[in-house]
Amino acid sequence: MHIPDGFLAANTWATAWVISTGTIGYCLKKTAGLLKDRMVPLMGIMSAFIFAAQMINFPVIGGTSGHLLGGVLAAVLLGPYAGAVVLTCVLIFQCLVFQDGGLLALGANILNMAIIGTIGGYVIFNVLHKIFGNKKGLQIGAAVAAWFSVVIAASFCALELAFSGTSPLGIVLPAMAGIHALIGIGEATITVAVLSFIQKVRPDLIYGFAGESNKA
Amino acid sequence: MNHSFIDEHSHIDSALSRLDARIKIISFFAFIFFIVFTAPGSILSFALDGLLLLTLIAFSKIPISYIFKRCLVIVPFILMTAFFLPFWQQGETIPLFQIGTFQANVSAAGWIMFQSVLIKGIFSVACLTLLTASTPFPQLLAALEDLKFPQLIIMILSFMYRYIFLIEDEAMKMWQAMKSRRAGGSRWLHLKAIANMLGTLFIRSYERGETVYLAMRSRGFNGTFKQSHNFELRRYDLAFLFNIFLALVSIKLLDNFLGK
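Residues numbered from 1 in each chain as written. Chains lettered and ligands numbered in written order. Predicted model: local features only at pLDDT ≥ 70, side-chain atom pairs only at ≥ 80, totals over all residues. Heavy atoms only, no water.

Moving on: the overall build of chain B. The helix and strand inventory of chain B stands at nine helices and two strands. Along chain B, from the amino end to the carboxyl end, the secondary structure elements read α-α-α-α-β-β-α-α-α-α-α. Taking all 260 residues of chain B together, 48% fall into the buried category. Surface exposure of chain B reaches about 13,700 Å², of which carbon and sulfur atoms provide 64%. (Helix = DSSP H or I, 4+ residues; strand = E, 2+ residues; numbered from the N terminus. Buried < 20%, exposed > 50% of the residue type's maximum accessible area, 1.4 Å probe, protein only. Areas by Shrake-Rupley, 256 points an atom, 1.4 Å probe, with all protein chains shown as cover.)

On the side of chain B, 70 residues touch chain A, which itself brings 71 residues to the contact. At the boundary of chain A with chain B, total buried surface from both sides reaches about 6,400 Å², with 83% on carbon and sulfur atoms. Contact with chain B buries area across many residues of chain A, yet A:Val40, A:Ile45 and A:Gln99 alone supply 11% of it, more than any other trio. The interface formed by chain A and chain B holds three salt bridges in total. (Contact = heavy atoms within 4.5 Å. Buried area = accessible area lost by both parts, 1.4 Å probe. Salt bridge = Lys/Arg side-chain N within 4 Å of Asp/Glu carboxyl O.)

This part takes up the pattern of salt bridges. For the coordinates displayed, the defined rule picks out 11 salt bridges over all chains. In this structure, the salt-bridge partner of A:Arg38 is B:Glu210, at a minimum N-O distance of 3.0 Å. Taken together, the residues span two chains, with A:Arg38 in the loop between α1 (10-35) and α2 (39-53) and B:Glu210 in helix α8 (residues 191-218). Among the residues examined, B:Glu210 registers a relative accessible area of 23% and is labelled partly exposed. B:Lys173 is the partner of B:Asp169 in a salt bridge, and the nearest nitrogen-oxygen pair spans 3.4 Å. Taken as a pair, B:Asp169 and B:Lys173 lie in helix α7 (residues 151-181) at a separation of four residues, close to a single helical turn. Using a relative accessible area of 17% as the deciding quantity, one classes B:Asp169 as buried. With relative accessibility at 48%, the residue B:Lys173 sits in the partly exposed group. Salt bridges linked by common partners bring A:Arg202, A:Asp204 and B:Glu207 together as one network.

Taking 1.5 Å per residue as the helical rise, helix α6 (residues 134-163) of chain A with its 30 residues ought to reach 44 Å, and the 41 Å between its terminal C-alpha atoms agrees with that figure. Looking one or two places after α6(A), you find A:Gly165, whose phi comes out positive at around 80°. (Expected span 1.5 Å × (residues − 1).)

Tallying each qualifying case throughout the model produces 17 aromatic pairs over all chains. Geometrically, the ring pair formed by A:Phe7 and B:Phe77 is edge-to-face, given 5.2 Å between the ring centres and 80° between the ring planes. Of this pair, A:Phe7 sits in the segment before α1 while B:Phe77 sits in helix α4 (residues 75-81), on two different chains. What makes A:Phe7 buried here is its relative accessible area of 1%. Exposure remark for B:Phe77: the relative accessible area of 4% places this residue in the buried category. Following the ring pairs from residue to residue traces out a cluster consisting of A:Phe51, A:Phe93, A:Phe98, B:Phe137, B:Tyr161 and B:Phe165. Residue placement shows B:Arg162 over the ring face of B:Phe159; its charged tip is 5.6 Å from the ring centre. (Phe/Tyr/Trp six-rings, centres within 6.5 Å; stacked < 30°, edge-to-face > 60°. Lys NZ or Arg CZ within 6 Å of the ring centre and 35° of its normal.)

Quick look at unusual backbone geometry now. All names here are of chain B. Positive phi outside glycine occurs at Lys 61, with the angle close to 65°. Within the secondary structure, Lys 61 is located in the loop between α2 (43-60) and α3 (64-71). The exposure class of Lys 61 is exposed, given its relative accessible area of 54%. Although it is not a glycine, Lys 148 adopts a positive phi angle of roughly 70°. For Lys 148, the location among the structural elements is in the loop between α6 (137-146) and α7. Take Lys 148: its relative accessible area is 73%, and that puts it in the exposed class.

All we've got here are geometric facts, nothing functional implied.
Right under this line is the structure:
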């Protein structure tokens, strides 16, 4: 759902840029406060990790395949702010190196995937995690949040296209949400499986599970 | 392992690669701006944009097949969001093609919108491809920083660039090891193996991040970098910038007077 250039009207991508710049600026400040001078190396390597993890793609139907978004995975592992920063860097990298997503549309792509997909996904995860408790909560929360993060990000993408007058809302919203409801199943399954493994092996690396030592 | 996906063509010595990276960024960003703001249906404008693009591709000496392949990146998105536009009936319709007695009609507004979105998308991708394929990534980042792009993001991106090969290499090795052990079957059957692989990759990456930080810390790193890149504007760079803007403005004017 990386929006290329030419699909969005100027008022839409400009608004998206303003929202994204403000939010990511705040996230950068929060992350810097949490990680201090460890921030740059750690965020850089984690961005490279999410980028590598996105290579995993899973077949949907009819020959199409979706790849991991990794938003909820990053947010649960690193926290919502650092997760959003990592996803933003991955999106900038994809835009510059692979032309996956346009330059003027980058603000909208950051808004959809790094902010709504990642921070929004984390909010859903956090609520469910609190309701269901530690182990079960992690799995249920991550599954639901991962599915929703993909579907909500795709729906926002459809809304932006409709606002721009590119596609009629009545067609593009069901199309995007429908395809991504399927991709979301893959996202949810992989996110839960990866998180369960890390919870078993190194629970101290999961944000919010860690002792004070890990928060530096 | 095969991962020469970044900087694949940036070693090519050409008129474009010798340009100051900052000038290149400004020129291509301006070009993308112009393309995006072209009114739907201005065929003349699109044709001239295409001509300018082809000229730049020729200057860059980058194989056109590579740029074409890169342009295919937007195809899935088009299929998902814009493919149905011409068939979305509203207002007058125009005939698209005729087979025997069967005639396919498409909506005029939808068809123009589809055309414009397709051309704008492809041209912008070609612009970005030209920019990044003719500039080594570290130089691109340095130029962006010089143009007052947020420094923290640039620092993270330059770290990402340094480690992406290592992490990708590790991922590919694990993937190969896993493939050599499994006995066919769909990817869903091996979900647990894939998940454990990703989990292990995360833990190794995280630990590598910590080690790298400690190594940097012990050498006096305090969270900030002193960048030392000195870009120098030559007459050649300014001439290029002037010509690009001249071309873009002329396209705009020509379209205003001759188009429609």
